[in-house]
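Structural overview
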Amino acid sequence: MLKTILPTIMLIPLAWLSKNNMLWINSTMYSLAISITCLPLMNLSCDNSLNMSLLFFSDSLSTPLLLLTVWLLPLMIMASQHHLSKEPDSQKKLYITMMVLLQTFLIMTFSATELIMFYILFEATLVPTLIMITRWGGQTERLNAGIYFLFYTLAGSLPLLVALVYTQASVGSLNLLLIQYWNHPSIQVWGSSALWLAYMMAFMVKMPLYGLHLWLPKAHVEAPIAGSMVLAAILLKLGGYGMLRITVMLNPITNFMTYPFLMLSLWGMIMTSSICLRQTDLKSLIAYSSVSHMALVIMAIMIQSPWSFMGATALMIAHGLTSSMLFCLANSNYERTHSRTMILARGLQMILPLMAAWWLLASLMNLALPPSINLIGELFVTTAMFSWSNLSIILLGINIIITALYSLYMLITTQRGKYTYHIHNIKPSFTRENTLMMLHLTPLLLLMVKPQIILGTLY
Amino acid sequence: MFRGAVWLLAGRGSLGRGLSTRSGGWTPDWTEKVSEIKKKIQSALPGGAWHPLYDTSHLPPEHSDVVIVGGGVLGLSVAYWLKRLERPQGAIKVLVVDRDHTYSQASTGLSVGGIRQQFSLPENIQLSLFSVDFLRNINEYLAVVNDPPLDVQFNPSGYLFLASEKGAAIMENNVKVQRQEGAKVCLMTPEQLRNKFPWINTDGVALASYGLEGEGWFDPWCLLQGLRRKVQSFGVHFSQGEVTRFITSSSDMQTTSGKGVTMKRIHEVHVKMDHSLEYQPVECALVINAAGAWSGQVAELAGIGKGPPGTLEGTKLPVEPRKRYVYLWHCPEGPGLETPFVADTSGAYFRREGLGHNYLGGCSPTEEEEPDPGNLEVDHDFFQNKVWPPLAHRVPAFQCLKVRSAWAGYYDYNTFDQNGVVGPHPLVSNMYFATGFSGHGLQQAPAVGRAVAEMVLEGQFRTIDLSSFLFSRFYLGEKVEERNII
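Residues numbered from 1 in each chain as written. Chains lettered and ligands numbered in written order. Predicted model: local features only at pLDDT ≥ 70, side-chain atom pairs only at ≥ 80, totals over all residues. Heavy atoms only, no water.

1. Describing the nonpolar core
Rules: To qualify as a nonpolar core, a set must consist of buried Ala, Val, Leu, Ile, Met, Phe, Trp, Tyr and Cys residues joined through side-chain atoms within 4.5 Å. Here's how the labels work: a residue is buried when its accessible area is under 20% of the maximum for its type, exposed when over 50%, partly exposed in between, all with a 1.4 Å probe on protein chains only. To qualify as a helix, a DSSP run of H or I must reach at least 4 residues; to qualify as a strand, a run of E must reach at least 2; elements of each kind are numbered from the N terminus. In this description, contact between two residues means that some pair of their heavy atoms is separated by no more than 4.5 Å.
If you look at the biggest cluster of nonpolar residues, it comprises 158 residues, and the most contacted ones within it are Met99(A), Leu115(A), Tyr199(A), Met243(A), Met302(A) and Leu329(A). Take this core: its biggest share by element is 17 residues, from helix 10 (residues 225–250) of chain A. Aside from chain neighbours lying at most four places away, what touches Leu329(A) is Met355(A), Trp358(A), Trp359(A), Ala362(A) and Met437(A). Residues Ile68(B), Leu76(B), Ala290(B) and Leu466(B) belong to the second largest nonpolar core, which totals 60 residues.

2. Details of the sheet that holds strand 17 (residues 402–414) of chain B
Residue and element names in this part refer to chain B. Inclusion rule: Only when DSSP finds a minimum of two bridges between them are two strands counted as paired. Every axis in this analysis is a line fitted to C-alpha atoms, fitted for helices over the stretch in contact. Angles between the N-to-C directions lie between 0 and 180 degrees.
On the basis of which strands lie adjacent, the open sheet formed by 8 strands has the order 5-6-4-14-15-16-13-17 and mixed pairing. The open sheet terminates on both sides in strands that have one partner only, identified here as strand 5 (185–188) and strand 17. Averaged over all pairs of adjacent strands, the angle between their axes in this sheet comes to 20°, without regard to strand direction. In this sheet, strand 6 (residues 207–211) lies alongside strand 4 (residues 159–163) in antiparallel orientation, the contact comprising 4 bridges. Bridge assignment links Leu-162 to a residue of strand 6, and that residue is Ala-208. Contacts between helix 10 (residues 380–394) and the sheet are confined to strand 4, strand 13 (319–330), strand 15 (348–353), strand 16 (358–363) and strand 17, with strand 13 contributing the most and set at about 60° to the helix.

3. Points about empty space enclosed by the protein
Condition: Any residue with an atom within 4 Å of a point lines the site, the site being either a cavity, points on a 1 Å grid over the protein atoms alone where a 1.4 Å probe fits but cannot get out, or a pocket, an open set with protein on both sides within 12 Å along at least 5 of 7 lines. Grid points are joined across faces, edges and corners, and a volume is the space filled by probe spheres set on the points.
Here the structure, examined in full by the defined rule, presents 4 cavities of 30 Å³ or more. Put simply, the largest cavity is a space of about 80 Å³. Lining the largest cavity are 10 residues, with Gln118(B), Phe161(B), Asn174(B), Gln178(B) and Ser209(B) sitting closest to its centre. Here the lining of the largest cavity gets 4 residues from one element, more than from any other, and that element is helix 6 (residues 165–181) of chain B. Put simply, the second largest cavity is a space of about 40 Å³. What lines the second largest cavity is Ala79(A), Cys328(A), Asn331(A), Ser332(A), Glu335(A), Arg432(A), Glu433(A), Leu436(A) and Met437(A). Among the secondary structure elements, those contributing two or more residues to the lining of the second largest cavity are helix 14 (306–337) and helix 19 (431–447) of chain A.

4. Topic: the UniProt feature "domain: FAD dependent oxidoreductase" (unreviewed entry) in chain B
Where we set the bar: UniProt positions are given in the numbering used here, feature names are shortened, and annotations may be inferred rather than shown by experiment.
As annotated by UniProt and renumbered to match this structure, "domain: FAD dependent oxidoreductase" (unreviewed entry) occupies residues 65–455 of chain B. A helix fraction of 27% and a strand fraction of 29% characterise residues 65–455 of chain B, whose end C-alpha atoms lie 15 Å from each other.

5. With respect to the sheet that holds strand 1 (residues 66–69) of chain B
Residue and element names in this part refer to chain B. Pairing within the open sheet is mixed, and its 6 strands lie in the order 8-2-1-12-19-18. Strands with a single pairing partner mark the edges of an open sheet, and in this sheet they are strand 8 (237–240) and strand 18 (421–424). Taken pair by pair, the neighbouring strands of this sheet meet at an average axis angle of 20°, ignoring direction. Summarising the sheet, strand 18 and strand 19 (residues 431–435) pair through 4 bridges and their orientation is antiparallel.

6. What to know about the confidence of the model for chain B
When pLDDT is low, close inspection of the predicted coordinates is not appropriate. All names here are of chain B. Our working rule: Residue-level confidence of the predictor is summarised by pLDDT, bounded by 0 at the bottom and 100 at the top.
On average, chain B scores 88 in pLDDT, and the residues at 70 or more come to 92%. Scored below 50 in pLDDT, residues 10–24 shows 4 contacts in the model against residues more than four places distant or in partner chains. Across the interface, the model reports ipTM at 0.90; the global pTM reads 0.89.

7. Quick word on the interface of chain B and chain A
Short version of the rule: By convention, the term buried area covers the 1.4 Å-probe accessible surface removed from two parts as they join, with the contributions of both added. Every case where a carboxyl oxygen of Asp or Glu lies within 4 Å of a side-chain nitrogen of Lys or Arg is listed as a salt bridge. Only Asp, Glu, Lys and Arg are considered charged in this grouping, and only Ala, Val, Leu, Ile, Met, Phe, Trp, Tyr, Cys and Pro are considered nonpolar; every other residue, Gly among them, is considered polar.
Contact residues are listed per partner, giving 35 residues for chain B and 28 residues for chain A. For the chain B and chain A pair, buried surface summed over both sides reaches about 2500 Å², with 55% attributable to carbon and sulfur atoms. Linking chain B to chain A there are 0 salt bridges. Elements represented by at least two residues in the side of chain B that touches chain A include exactly strand 9 (242–254), strand 10 (260–272) and helix 11 (441–458) of chain B. Class assignment of the residues belonging to the side of chain B that touches chain A gives a composition of 15 nonpolar, 11 polar and 9 charged.

8. A few points about the environment of Leu110(B)
Residues and elements named next belong to chain B. By the element assignment, Leu-110 lies in the loop between strand 2 (94–98) and strand 3 (114–115). The spatial distance from the C-alpha of Leu-110 to the C-alpha of Glu-123 is 25 Å, given a sequence separation of 13 residues. If we ignore the near neighbours within four places in the chain, the residues touching Leu-110 are Ser-104, Gln-105, Leu-376, Trp-407, Ala-408 and Gly-409.

9. Some thoughts on the packing of aromatic side chains
The description of an aromatic ring pair rests on the distance of the ring centres and on the angle between the ring planes. Residue and element names in this part refer to chain B. Selection rule: Side-chain rings of Phe, Tyr and Trp, where Trp is taken by its six-membered ring, are said to pair if the distance between their centres is within 6.5 Å; with planes under 30 degrees apart they count as stacked, over 60 as edge-to-face, and otherwise as tilted.
Under the definition given, this model contains 40 aromatic pairs over all chains. Ring geometry for Tyr-325 and Phe-382: centres 5.5 Å apart, planes at 50°, overall tilted. Placement of Tyr-325 in strand 13 and of Phe-382 in helix 10 is noted, with a sequence separation of 57 residues between them. In this pair, the class of Tyr-325 matches that of Phe-382, namely buried.

10. Points about helix 1 (residues 2–17) of chain A
Residue and element names in this part refer to chain A. So the rule is basically this: In this scheme, a helix's expected span is set at 1.5 Å multiplied by one less than its residue total.
Taking 1.5 Å of rise per residue, the 16 residues of helix 1 would be expected to cover 22 Å, and the 22 Å separating its terminal C-alpha atoms lies within 8% of that figure. Those residues of helix 1 lying buried are Thr-4, Ile-5, Thr-8, Leu-11, Ile-12 and Ala-15. Looking at the buried residues of helix 1, the elements they touch are helix 2 (23–37), helix 3 (62–80) and helix 4 (89–110).

11. Some remarks on the pattern of salt bridges
All names here are of chain B. Counted under the stated rule, the structure contains 18 salt bridges over all chains. As a salt-bridge pair, Asp-417 and Arg-473 come within 2.8 Å of each other at their nearest N and O atoms. One end of the pair, Asp-417, is in the loop between strand 17 and strand 18; the other, Arg-473, is in helix 12 (residues 472–476), with 56 residues separating them in the sequence. Close ionic contact of Arg-462 with Glu-458 constitutes a salt bridge, the shortest N to O distance being 1.8 Å. Arg-462 gets classed as exposed once you look at its relative accessible area, which sits at 51%. Several salt bridges share partner residues, and in doing so they unite Glu-320, Arg-322, Arg-324, Glu-367 and Glu-370 into one network.

12. Focus on the pairing of strand 2 of chain B
Residues and elements named next belong to chain B. Most of strand 2 is tucked away, with 5 of its 5 residues classed as buried. Judged by which residues are buried, strand 2 turns out to be covered on both faces: Val-94, Val-96 and Asp-98 on one side and Leu-95 and Val-97 on the other are all buried. Pairing of strand 1 with strand 2, which is carried by 4 bridges, proceeds in the parallel orientation. Paired with Val-66 across the strands is Val-94, a residue of strand 2. Across 4 bridges, the pairing between strand 2 and strand 8 is parallel. Among the inter-strand pairings, Asp-98 is bridged to a residue of strand 8, identified as Gln-240.

13. Here we look at the side chain of Thr109(A)
Residue and element names in this part refer to chain A. Note the following rule: Polar contact is the term for a pair of N or O atoms within 3.5 Å; when the atoms are in protein, one must be able to donate a hydrogen and the other to accept it, and sequence-neighboring residues count only if both atoms are side-chain atoms.
Within the secondary structure, Thr-109 is located in helix 4. Note on Thr-109: relative accessible area 0%, which makes it buried. Within the structure, the side chain of Thr-109 is placed 2.4 Å from the backbone oxygen of Phe-105, a separation counted as a polar contact. When near neighbours in sequence (up to four residues on either side) are disregarded, Thr-109 contacts Phe-118, Leu-121, Phe-122, Thr-125, Leu-238 and Tyr-241.

14. Some words on a nonpolar patch on the surface
All names here are of chain A. Cut-off, in case you're wondering: What makes a patch is a set of residues exposed beyond 30% relative accessible area and free of salt bridges, joined within 9 Å when like-charged and within 5 Å when nonpolar (Val, Leu, Ile, Met, Phe, Trp, Tyr). Only the protein chains shown count as cover for residues, with accessible areas throughout obtained via the Shrake-Rupley method and a probe of 1.4 Å.
The grouping of Phe-386, Leu-391, Ile-393, Ile-394 and Ile-398 at the surface amounts to a nonpolar patch, some 450 Å² of accessible area in total. By residue number, the principal contributor to the nonpolar patch is helix 18 (residues 392–415), which donates 3 residues. The residue Ile-394 is located in helix 18 in this model.

15. Remarks on the packing of helix 1 of chain A against helix 2 of chain A
All names here are of chain A. The condition is simple: Working definition: roughly parallel below 35 degrees, roughly antiparallel above 145 degrees, roughly perpendicular at 65 to 115 degrees, and oblique for all remaining angles.
At their nearest, the axes of helix 1 and helix 2 sit 10 Å apart, and the two run at 180° to each other. Relative to helix 2, the element helix 1 is oriented roughly antiparallel. In contact with Lys-3, Thr-4, Pro-7, Thr-8, Leu-11, Leu-14 and Ala-15 of helix 1, helix 2 contributes Leu-23, Asn-26, Ser-27, Tyr-30, Ser-31, Ile-34 and Thr-37. Split by residue class, the contact of helix 1 with helix 2 holds 7 nonpolar, 6 polar and 1 charged.

Right under this line is the structure:
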């Protein structure tokens with residue numbers, strides 16, 4: 001793993017010592033090179049793991065997420081070029097440093113063997129994200145957004161620390177490979193339910209679960225584009241990844257503890273999808289759609305069946321790429337019109353046709369059009385949920401329809417119809433933006449061909 | 001509790017000082033300190049805007065989708081219709097910026113408040129027709145929950161235009177157009193005039209047109225406050241400040257004939273606070289120029305008119321302030337309650353004001369005698385020389401009257417053709433105009449607001465087609481002129 005972590009850390013001196021006109025080129029190209037060197041990690045069989053040291057390992061659950069993380073850094077750097085162009089050079093370099101730091105922590109998180117190390121880095125990812133949101137965000141509300149983001153996550157994860165330390169004391173080790181053999185606690189004790197809650201709440205807040213999701217629309221909307229991208233694509237998946245790892249050792253309490261969260265997720269998935277239909281702010285719409293998709297992932301992890309785990313991992317990767325792409329598209333709109341309101345910038349298909357093609361593909365992916373990997377994730381989850389309870393198909397079916405409704409609503413409002421007069425002289429699409437969209441889309445399209453790589457450990 | 005805390009913190013100092021010496025006179029103002037600390041703590045608690053360093057509640061927000069420069073009746077009307085016509089509701093953030101929150105120099109408050117349909121352009125007639133309908137049903141349009149209804153004091157007494165021999169043919173034509181558009185106007189001969197209005201002297205009058213319905217005068221301040229209240233209930237932000245700068249970006253493009261054009265977009269508006277250097281950059285998608293008499297200056301800030309003359313870039317917004325006087329006099333023998341708003345052949349006009357034999361009137365000066373628009377000082381000699389003689393000739397009872405008071409107000413005078421400018425600028429695509437109505441802006445404000453909101457939201461005029469009022473006519477030289485303005 002050091003072959004990934006050390007070059008990523010070295011991106012920081014690269015940013016600070018680059019010549020000013022080579023700053024963006026250097027950081028983008030080297031981070032792209034790092035992401036390519038990570039690809040060989042995929043070369044492993046599905047139920048085995050590659051143990052690189054006592055600290056780091058990668059298996060077929062963490063590898064796709066790891067690859068998503070390293071793939072996203074060059075994309076984040078490319079997306080931030082425009083809104084940072086007016087800032088002084090040291091600020092630009094500081095911003096790149098924040099992104100790289102976040103990247104390092106995320107790589108280490110996804111490849112951590114020891115759960116305490118996972119926890120420390122899980123918390124550590126909050127700091128660069130908070131700095132990015134509050135320092136470089138758009139509006140005054142970003143301070144509020146940063147506070148919500150920070151305190152929701154901290155409040156959720158403090159019990160997790162206690163639970164981890166307790167487990168370390170009682171089991172002796174928190175090595176992920178060993179705890180699968182841990183003796184299960186008795187189900188009669190209140191304490192084991194509390195332990196379960198302590199483990200899970202941090203990840204529930206991170207996912208986010210419907211009742212605890214208030215921080216997400218604020219943070220996503222107020223964050224700068226790189227912040228939104230990394231939040232939507234990766235940080236939400238930290239919750240899912242954590243849950244997937246921890247549920248291994250939490251049986252059989254999980255059998256009855258999951259019901260409230262399943263109900264919240266089922267209901268919340270429909271609620272947030274419906275909220276999307278009434279949103280006027282583009283970024284807010286994409287943020288709420290994230291909550292809706294992640295509710296599916298929570299449900300899948302809660303019911304703990306092989307199909308649902310496969311669906312959850314596929315959905316995490318697919319949603320990461322799609323959501324990040326939608327945020328980039330929304331940002332390209334925002335940079336031109338300086339407003340996030342959808343109705344003020346309509347009919348863009350006439351003016352920016354290539355961007356309209358990206359919008360179309362992203363929206364179609366978002367509504368889980370076959371044969372995309374979004375569909376694979378959703379379908380696996382839906383099927384597993386149906387076998388868990390026949391009635392849930394009603395809610396899941398309604399959600400699928402509403403997802404299609406709001407994705408198409410977003411597409412039609414921004415792209416189709418008569419264009420508003422005042423956007424007829426916006427700048428045409430930059431090559432950088434088109435590259436960005438293409439780089440988001442290429443993994444999505446290629447994974448359609450071989451989705452086995454993202455189906456996780458149970459394939 | 002806070003007072004106690006503050007006392008404790010500073011207690012030792014004052015006690016020590018008190019014990020050792022009484023001179024020096026350092027008396028801390030506890031109430032002020034306590035309220036300052038309270039304010040700081042309240043702004044740090046969740047729910048309020050968190051500004052740990054200083055209080056910024058007087059500044060406009062950092063981002064707004066639409067910034068309306070000018071908070072008079074036109075600006076508020078645009079804000080009202082934008083919020084009313086937007087689908088879905090609550091989508092657009094609107095900020096109204098006005099330099100003077102007392103409206104001391106705004107044309108709206110100083111206006112005589114007349115409304116008529118007797119124009120010669122069909123567009124003007126349609127605008128006034130809708131505005132009268134708006135005023136009649138003002139409590140359906142501008143109702144706010146738990147607030148009292150508005151009384152806009154609409155006196156439907158009609159307008160009476162008098163024409164001499166020369167102008168009679170034009171007047172007949174105008175009345176035909178007005179009737180076609182649906183205005184209720186009747187033509188009167190001098191005998192009919194004398195029968196209906198015995199106080200009038202029909203010497204020199206060949207024809208008169210009298211508005212039978214939907215014309216009269218109303219209280220402009222009430223309309224302004226009603227719009228303001230309703231617009232605030234829609235969630236529009238108000239800010240007091242002066243627009244000093246637009247941050248624009250330009251791109252060079254080519255027309256189909258190969259000529260180069262520079263198109264601009266406004267990205268930010270700098271709003272400067274009163275009596276201070278502090279300004280707030282407001283990021284915006286659209287700017288609406290409803291600054292009235294000062295619209296020309298605002299347009300220049302956006303770079304409109306900066307270019308070689310004769311080109312589209314070099315075409316300025318030809319709106320400038322023109323001062324007009326209004327005089328209030330008392331005449332005990334004057335015309336009674338049925339007096340319409342009379343516009344004489346000479347250009348002087350008057351109307352009844354209230355129920356105590358008071359009358360408002362004035363006259364538009366000729367081009368040579370235009371008063372200096374630098375201030376709003378009233379020239380009383382103008383009344384003696386230019387307003388009183390024609391009015392006294394027309395209404396013999398006015399030969400003895402006493403001037404009670406007088407004031408002056410600005411017209412947002414369009415030097416090109418004295419009619420409004422509505423719609424977007426061809427080059428600075430996100431600046432829309434709603435200005436330049438040269439004295440009939442107040443009466444057309446509700447309809448113009450709706451037209452601009454339709455242009456912004458849908459890209460075209462839906463209800464009243466004001467395409468002849470677009471900015472491009474200044475470049476193309478197509479004047480849309482009225483006959484007989486007041």
